[in-house]
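Structure at a glance
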Amino acid sequence: MFPLDRLLKLVPDEFTQPVSRKSFLQMAGKGMAAGVVGGLMASCQTTKTAPSGQATGSGGNATPTDQNVPKLPAVSPPAQVPSKPDEPIKLEAWKSDADRQSGPTPTPMPPDQRVGYALVGLGHLTLEELLPAFGQCKKSKPVALVSGSPEKMGKVAQQYGIKPENCYSYETYDQLKDNPEVQVIYIVLPNALHAEYTIRGAKAGKHILCEKPMANSSAECQAMIDACRKANRKLMVAYRIQYEPYNRHVRQLVQDKKFGEVKFIEAFNCQSSANPEHWRHKKALAGGGALPDIGLYCLNTLRFLLGTEPTEVSAYQYSTPGNPLFKEVEELMSWQMKFPNGIYASCATHYNTHESRRYRVLCERGWINMDPAFSYTGQQMKTSRADGMLVRKEDIDIAHKNQFATEMDHFSECVLKDLTPYTPGEEGLQDHRIMEAIYQSAKEGRPVKLPAVAKKDAFRGPEPKLE
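The numbers attached to residues start from 1 for each chain and follow its sequence in the written order. Only residues with pLDDT of 70 or above have their local features reported here, since the model is predicted, and side-chain atom pairs are shown and tallied only from 80 upward, although totals for entire chains, interfaces and linings are computed over all residues. No hydrogens and no water enter the side-chain calculation; it runs on all heavy atoms of the structure.

Here we take up the packing of aromatic side chains. Geometry of aromatic contacts follows a simple scheme: Phe, Tyr and Trp rings, the Trp one being its six-membered ring, pair when their centres are within 6.5 Å, and the pair is stacked under 30 degrees between planes, edge-to-face over 60, tilted otherwise. By the definition in use, this model includes eight aromatic pairs. Centroid distance F264 to Y344: 6.2 Å. Interplanar angle 15 degrees. Geometry classified as stacked. Pair noted here: F264 is in strand β11 (residues 262–272) and Y344 is in strand β14 (residues 344–350), with a separation of 80 residues, a long-range link. The rule is simple: take the accessible area with a 1.4 Å probe, protein chains only, and divide by the maximum for that residue type; under 20% is buried, over 50% is exposed, in between is partly exposed. Look at Y344 and you get partly exposed, because its relative accessible area is 33%. By way of ring pairs, the aromatic residues Y170, Y173 and Y197 are connected into one cluster. Any Lys NZ or Arg CZ that is within 6 Å of a ring centre and within 35 degrees of that ring's normal is treated as a charge sitting over the ring. Lying across the ring of Y197, R200 places its NZ or CZ 4.8 Å from the centre. Between R360 and the ring centre of W367, over which it is positioned, the NZ or CZ distance is 3.8 Å. Counting from the N terminus, the helices are DSSP H or I runs at least four residues long and the strands are E runs at least two residues long.

This is how it looks when you write it as structure tokens:
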């Protein structure tokens, strides 16, 4: 064998001076030459085309063609297929119990059997969240639009396959009564318009899903409830948090007293707003500022978690002088609520800070933290408790579900099966009564008592079975 050190000394000359094949073989021997040449070829591989047109690699192996690709019989994996359309197909198990199990397979209804929705208002929420959410719905579908902008409505109708004849203006809104494709009207308008369009929608014979806050006053809420009751139509307020998996899990932990009795809760929902000309900064349209818009999530969610009603509120309100955003509506509302059994809650909402949407439930033997809690996506949940000399802190991960799709499908289920919605008009009315007490407390600088409500979940419908 040719010595390696002598070969390495010769290699540089190989690249600078021509060396004949015969001379090279004489120096290195046939075996070493084959190894070097093979190594050089491997380091400088190129794809050559065989005469037949098949590509070959350095080893000469042909790339598979339709002549030599394996042909195996296609088989369907074992599955249980129930006869009822709303029961999921059960596929064969493949995961071990060491990993999180998959949920049931989706059971969407055939499109022609789903509940048809008319969406009233084509603003941020409708275009960014609601219409896309229908893609994840199993029982709901968009079939009509109502808008004051024909150009925008025409484009949206094309995007979502809505018939031109199912596009209405606010002036022709009442003609929805003649459209059998529409069973539900979803009102996504500025707060001050909720009452009018709910009442008109009920008179048109349609069920109503209304965005929160339900209206601008408890009196308007009651008028909406009365109109829907008179027309024998269902009314639901779109409290999406009550249908969101993480928040529902917190409620279950609280109701089961997983960490003992609840003692104290803190909740914040804050964001930075802009554009003083936006309807949210006009009191006539919004009814108020941060409190009814985003602070309502703190109020409604805490009532939802506890299942009980506050007995007293105490509040403080502030707006920065000279800020054009807050000429008519409040910038800050901070308030406290007393609940039965000594439970105390401290809440705040702000229109002029970096967003923070969280709450923490402090119990006898641990706490539950949600941050963010009120966002459309991205909920994160942590718990803490003592275990002897240890403190166990856990991150809880729950499979995501679209909140808007879940709440719409719940309402569709109520329409199809004649059920009372989980968040009916009475739930929205109670929130307005409490918000009015909060404003009163802030104005008068004193606590305000609320009527005692003994019944648990007094203003909610039956517990929903959410898929």
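The next subject is the sheet that holds strand β6 (residues 140–146). One requirement defines pairing of two strands: DSSP has to find at least two bridges between them. The parallel open sheet is built from six strands, whose spatial order is β7-β6-β5-β8-β9-β10. Either end of the sheet is taken by a strand with one partner, and the two such strands are β7 (167–168) and β10 (235–237). Across three bridges, the pairing between strand β9 (residues 207–210) and β10 is parallel. Among the inter-strand pairings, C210 is bridged to a residue of β10, identified as V237.

The strand order across the open sheet built from nine strands is β18-β17-β16-β15-β11-β14-β13-β12-β19, with neighbouring strands paired in mixed fashion. Lying at the two open borders of the sheet, with one neighbouring strand each, are β18 (390–396) and β19 (448–449). Here β11 runs beside strand β15 (residues 352–363); their pairing, made up of nine bridges, is antiparallel. Bridge pairing in β15 links V262 to C363. Contacting β12 (312–318), β13 (332–338) and β19, helix α11 (residues 425–444) crosses the sheet at an angle of about 60 degrees to β12. In this analysis, two residues are considered to be in contact whenever any of their non-hydrogen atoms come within 4.5 Å of each other. Lines fitted to C-alpha atoms define the axes here, with helix axes fitted over just the stretch in contact, and angles between the N-to-C directions of these axes take values from 0 to 180 degrees.

So, on to the packing of helix α9 (residues 290–306) against α11. Between α9 and α11, the shortest axis-to-axis distance is 10 Å and the interhelical angle comes to 115 degrees. Relative to α11, the element α9 lies roughly perpendicular. Handedness of the crossing formed by α9 with α11: right-handed. For the pair α9 and α11, the contacting residues are L291, P292, L296, L299, N300 and R303 in the first and E427, Q430, D431, I434, M435, I438 and Y439 in the second. Amino acid classes used here: Ala, Val, Leu, Ile, Met, Phe, Trp, Tyr, Cys and Pro are nonpolar; Asp, Glu, Lys and Arg are charged; the rest, including Gly, are polar. The class makeup of the residues in the contact of α9 with α11 is eight nonpolar, two polar and three charged. With respect to orientation, any angle under 35 degrees is reported as roughly parallel, any angle over 145 as roughly antiparallel, any angle of 65 to 115 as roughly perpendicular, and every other angle as oblique. For any helix crossing, the convention is left-handed if the near helix is rotated counterclockwise from the far helix by under a right angle, and right-handed if that rotation is clockwise.

Next up on the list: the environment of P447. Take P447: it is sitting in the loop between α11 and β19. For the pair P447 and V313, spaced 134 residues apart in sequence, the C-alpha to C-alpha distance is 5.6 Å. Non-local contacts of P447, meaning those with residues more than four positions away in its chain, are made with E312, V313, S314 and S441.

Cis rather than trans, the peptide bond between K212 and P213 has omega equal to -10 degrees. Mapped onto the elements, P213 comes out in the loop between β9 and α6 (218–230). Following D371, the chain continues into P372 via a peptide bond in cis, with omega recorded as 0 degrees. Positionally, P372 belongs in the loop between β16 (366–370) and β17 (381–387). The phi torsion at N232 lies on the positive side, around 55 degrees, for a residue other than glycine. Within the element layout of this structure, N232 appears in the loop between α6 and β10. Its relative accessible area of 59% is what places N232 among the exposed residues. Backbone geometry at K257 places phi at a positive 55 degrees, although glycine is not the residue there. Mapping K257 onto the fold places it in the loop between α7 (245–255) and β11.

Where α6 meets α11, the axes come as close as 8 Å, and the angle between the chain directions of the two elements is 165 degrees. Viewed along their axes, α6 and α11 adopt a mutual orientation that is roughly antiparallel. Crossing hand, α6 versus α11: left-handed. Seen from α6, the contacting residues are S218, C221, Q222, I225 and R229; seen from α11, they are G425, E426, G428, L429, H432, R433 and E436. Split into classes, the residues belonging to the contact of α6 with α11 amount to three nonpolar, five polar and four charged.

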